[in-house]
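# A look at the structure
Chain residues, written in single-letter form:
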Amino acid sequence: MTGELLEGYDPEGFFDELMAPDGTVRAHYRRLAERLGTFTPEELARRERLRDAAFRTAGITFTVYGEGEGLERTFPMDLIPRVIPADEWAAIEAGLVQRVTALNLFLDDLYVGERAAVRDGVVPEWLIQSSDGFTREAFGIPVPRGARCLVAGIDLVRDGQGTYRVLEDNLRNPSGISYVLENRVAMTRVLPSVFGAERVRSVDHYGASLLAALRHVAPAAAGDPEVVVLTPGVFNSAYFEHAFLARQMGVELVEGPDLVVDEHVVFMRTTRGLQRVDVIYRRIDDDFLDPVCLREDSVLGVPGLLAAARAGNVTIANAVGNGVADDKAVYAYVPALIRYYLNQEPLLPNVDTYLLWDREQREDVLDRLHELVVKPVAASGGYGMLIGPSAGELELEEFRRRIEADPRAYIAQEVVQLSRHPTLVGDHLEGRHIDLRPFVLSGERTEVIPGGLTRVALRKGSLVVNSSQGGGSKDTWVLAAAGEPTTPEP
Amino acid sequence: MLARHAEMIFWCGRYLERAEDTARVLDVTYHGLLESPPAEARRSWLELLAVLGLAEEFLAKHDEVNARTVSEFLVLDATNPGAIVSAVGLARENARGVRELLSSEFWEAVNTFHLELHARDLRVDLAQQAYELYGLVRRRCQTVSGVASETMPRDDGWRFLMLGWMLERAEMMCRLLNVRFGEVAAAGELASFPILLGVLRSASAAEAYRKVYGAALDPGHIVEYLMLAPNFPRSLLYCLRQAEKDLLRIGAPDDLSRPQRIIGRLRAELEFCDVQDLLDAGLHAELDRIQQRVREAAEALALQYFRNVTVDLHAVDFRPAG
């Protein structure tokens with residue numbers, strides 16, 4: 001890299017997205033590096049201030065719970081974008097489509113099918129039955145075209161060799177797409193000359209694609225389907241995203257009390273009376289959807305909603321009960337499910353995972369707990385994890401005890417040395433660990449939005465990228481192949 | 001549109017207008033009192049608080065009634081829901097709840113205004129340059145309304161926003177006139193030139209007034225202009241006409257809603273009355289009565305459009321299930 005930005009930059013033995021082990025800049029980063037090299041540190045600092053002002057003005061914030069002051073924070077976007085070359089992306093895309101297709105088939109089979117994968121012993125029945133996400137109330141609720149994971153967020157990491165692996169599937173209410181879109185807007189405003197030098201595939205058709213997918217799964221009787229976004233309300237940490245998506249799609253953003261069910265038909269209350277609703281893109285967790293069937297203390301949901309869905313009068317997306325398929329123990333069976341339902345070899349490998357109810361695996365894990373990561377099967381967002389190498393003896397002992405008490409509740413994985421990416425720290429670049437959450441839509445066809453949310457652990461050495469725990473993000477550039485348009489056909 | 005959204009958008013408009021008008025009445029009072037003895041100043045400040053309906057709340061907190069305590073209470077006291085910072089904050093909260101119905105530009109203008117107020121040391125601003133602070137609030141509110149008018153489609157969302165704006169403005173115009181005029185006109189006193197000019201300026205009406213009546217300032221003419229001018233956008237009559245028009249478009253074509261009846265009647269009254277009638281009847285009492293009617297219209301509006309929870313489900317036209 002020309003200029004002083006990259007002077008003394010050291011990958012420190014990690015897989016670095018930008019710099020090859022021999023210290024040269026990888027081919028797909030060269031143009032970016034050249035352009036960035038023309039900026040002085042002062043100029044970059046000025047652009048950072050521009051970025052902050054833009055995010056604050058637009059009110060792009062998330063809510064941090066449990067802090068009185070500074071309720072809303074901006075989600076920091078690092079100015080140095082991540083670049084993915086066209087061929088690399090094509091492989092990721094194919095792997096994601098394959099995985100989500102299999103997961104949709106599996107879920108539909110479980111809730112309205114003959115449970116073939118269980119019957120044929122691909123996944124043990126007791127494992128399904130014991131999953132928190134397996135939802136009795138979802139039985140018999142049809143989803144047109146089996147698109148149960150209408151929006152899936154599949155978290156990918158790259159290991160020490162640069163191999164992309166699936167870290168976890170988010171099939172319930174994956175969030176983050178609004179940052180993908182807003183990051184892109186911010187990049188094109190703050191560093192237009194850098195962005196303009198590349199042929200980057202666009203992401204701003206997401207709203208149109210999501211709306212098309214939602215209309216595609218409307219009940220057959222709905223001629224011109226009315227789609228709404230259902231939010232828990234303005235105090236939810238992801239409210240910004242809910243409002244953002246409703247606006248992008250041009251549909252109503254409703255809260256539970258705005259909806260009413262009469263004779264198994266869902267209506268919203270409007271200034272002109274009641275209006276029928278056909279598809280609900282809900283951003284409320286399963287438990288809170290319907291106090292009649294699920295949590296009785298929920299004030300966020302709509303009484304009678306599940307019965308209306310079961311009657312086929314409304315489609316709920318994502319479908320109820322998806323949690324069983326992103327259970328972290330069931331995750332270990334996804335490669336087998338791909339082979340079973342699609343008769344294909346999985347294109348994207350899992351991270352090596354140990355199932356702790358198996359005595360042999362458990363004993364091996366307990367012996368080398370200090371080398372492994374342990375995760376609770378039903379949690380997300382990086383909560384309740386053990387990172388063996390950085391844990392103290394007390395913590396290790398505590399997890400040993402918990403695993404022995406309830407081996408089904410945890411899984412263990414090898415530590416993945418997440419790849420690193422140059423990230424602006426003060427006036428220079430340092431390597432920081434990153435992951436990638438691409439978004440997959442199951443509509444008329446299964447579609448992956450180019451790129452996704454690259455999250456970056458801003459704290460030095462940290463492997464935790466979650467926004468609630470000091471993470472930031474990067475704009476993610478998927479380069480168009482030669483002759484390929486950067487925007488999709490209308 | 002969703003009943004809840006209509007309500008939030010309506011209140012967004014109301015709070016913005018309230019912030020602007022609070023700045024206006026403060027400005028008039030403050031500058032009208034610069035050379036007054038303390039006793040008279042105290043009386044005027046109390047009158048202002050009474051007109052804003054905030055006298056009790058103020059006296060529960062403060063012993064001293066003077067320019068500093070009252071203007072701080074009305075500008076920066078976040079515990080006072082009628083303070084300018086609170087009104088702008090509430091306008092922003094409501095706008096945040098209906099962001100997807102507003103243009104991005106509108107939201108950004110409201111959000112920036114809110115952030116700017118929080119970034120300033122308002123106590124120092126009030127002590128050193130109250131005039132500029134009031135001017136700033138006014139300009140920011142005008143920016144927001146300009147942005148709204150340039151970027152929002154004329155749909156029901158726009159109409160509820162305008163209704164909030166117009167009903168609050170009508171109410172506040174009654175208050176503004178009451179602050180400096182109710183007593184004066186009733187007693188037949190001649191208000192001083194600076195006070196009369198102040199009233200006009202606070203309504204941004206000084207230049208428009210001169211075009212109609214010339215340079216001489218006459219209290220009767222000023223009342224006539226601010227209440228009955230059909231073409232001045234802050235006059236009572238104008239606000240009511242505008243509100244009536246928006247109500248007509250929101251409502252069902254063959255039906256007159258209760259808010260339409262209330263507003264229409266009041267509009268007709270002002271449209272065909274002579275300013276002398278108002279003065280003879282006692283301006284103070286007339287203003288109170290009009291303000292009360294506007295309030296009733298807002299309540300009827302809320303019942304009709306925001307709380308339609310008792311709509312008969314079976315009377316609604318919808319496609320057959322399944």
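The structure presented is a predicted model; accordingly, all values stated were derived computationally and were not measured.

## Points about the sheet that holds strand β15 (residues 386–387) of chain A
Residue and element names in this part refer to chain A. The strand order across the open sheet formed by four strands is β13-β16-β14-β15, and the pairing between neighbours is antiparallel. Of all strands in the sheet, those bounded by a partner on one side alone are β13 (353–355) and β15. As judged from the five bridges shared by strand β14 (residues 372–376) and strand β16 (residues 410–414), these two strands associate in the antiparallel manner. Looking at the pairing, K375 lines up with I411 of β16.

## Things to note about the interface of chain B and chain A
Contact residues are listed per partner, giving 25 residues for chain B and 26 residues for chain A. Per element, the largest residue contribution to the side of chain B that touches chain A is five residues, and it comes from helix α6 (residues 104–119) of chain B. Along the lines of polarity and charge, the residues of the side of chain B that touches chain A split into 13 nonpolar, five polar and seven charged.

## Observations regarding the domain arrangement of chain B
Residues and elements named next belong to chain B. Its domain assignment divides chain B into domain 1 (1–152) and domain 2 (171–307). Using C-alpha coordinates to define each centre, domain 1 is positioned 21 Å away from domain 2. With 17 residues of domain 1 in contact, the opposing surface of domain 2 contributes 14 residues. At the level of elements, α1 (3–32) and α2 (38–51) are the ones that each hand at least two residues to the side of domain 1 that touches domain 2. Residues of the side of domain 1 that touches domain 2, tallied by class, amount to seven nonpolar, three polar and seven charged.

## Some words on the pairing of strand β18 (residues 428–437) of chain A
Residue and element names in this part refer to chain A. Most of β18 sits out of view: eight of its 10 residues are buried. Taken together, the six bridges between strand β17 (residues 420–425) and β18 define a ladder with antiparallel strand orientation. Note on β18: the bridge partner recorded for V425 is H428. The antiparallel pairing of β17 with β18 creates a hairpin that spans two residues between the two strands, and G426 there sits at a positive phi of about 60°. Alignment of β18 against strand β21 (residues 453–457), held across four bridges, turns out to be antiparallel. Bridge pairing in β21 places D435 opposite R455.

## Points about the domain arrangement of chain A
All names here are of chain A. By the assigned domains, chain A splits into domain 1 (98–147 + 202–342) and domain 2 (353–414). Inter-centroid distance (C-alpha atoms) of domain 1 to domain 2 is 31 Å. Between domain 1 and domain 2, the contact holds eight residues from the first and seven residues from the second. Looking at the side of domain 1 that touches domain 2 residue by residue, the class counts come to three nonpolar, two polar and three charged.

## Section: helix α11 (residues 219–228) of chain B
The α-helix advances 3.6 residues per turn, and as a result positions three or four apart in sequence lie on the same side. Within α11 of chain B, seven of the 10 residues are buried, which leaves the element mostly enclosed by the surrounding structure. Where α11 of chain B is concerned, the buried positions are P219, I222, V223, E224, Y225, L226 and M227 of chain B.

## A few points about the packing of helix α12 (residues 236–250) of chain B against helix α13 (residues 258–271) of chain B
Residues and elements named next belong to chain B. At their nearest, the axes of α12 and α13 sit 9 Å apart, and the two run at 150° to each other. You can see that α12 and α13 cross each other, and the crossing is left-handed. Contacts from L236, L237, L240, R241, A243, E244, L247 and L248 of α12 reach α13 at P259, Q260, I263, G264, L266, R267, L270 and E271. Counted by class, the contact of α12 with α13 contains 10 nonpolar, two polar and four charged residues.

Reading the values: rules and limits
- Residues numbered from 1 in each chain as written.
- Chains lettered and ligands numbered in written order.
- Predicted model: local features only at pLDDT ≥ 70, side-chain atom pairs only at ≥ 80, totals over all residues.
- Pairing = 2+ DSSP bridges.
- Helix = DSSP H or I, 4+ residues; strand = E, 2+ residues; numbered from the N terminus.
- Contact = placed C-beta atoms within 7 Å.
- Nonpolar A, V, L, I, M, F, W, Y, C, P; charged D, E, K, R; others polar.
- Domains from an automatic or database assignment.
- Buried ≥ 20, exposed ≤ 12 C-beta atoms within 10 Å, placed from the backbone.
- Axes fitted to C-alpha atoms, helices over the stretch in contact; angles between N-to-C directions.
- Left-handed = near helix turned anticlockwise from the far one by under 90°.

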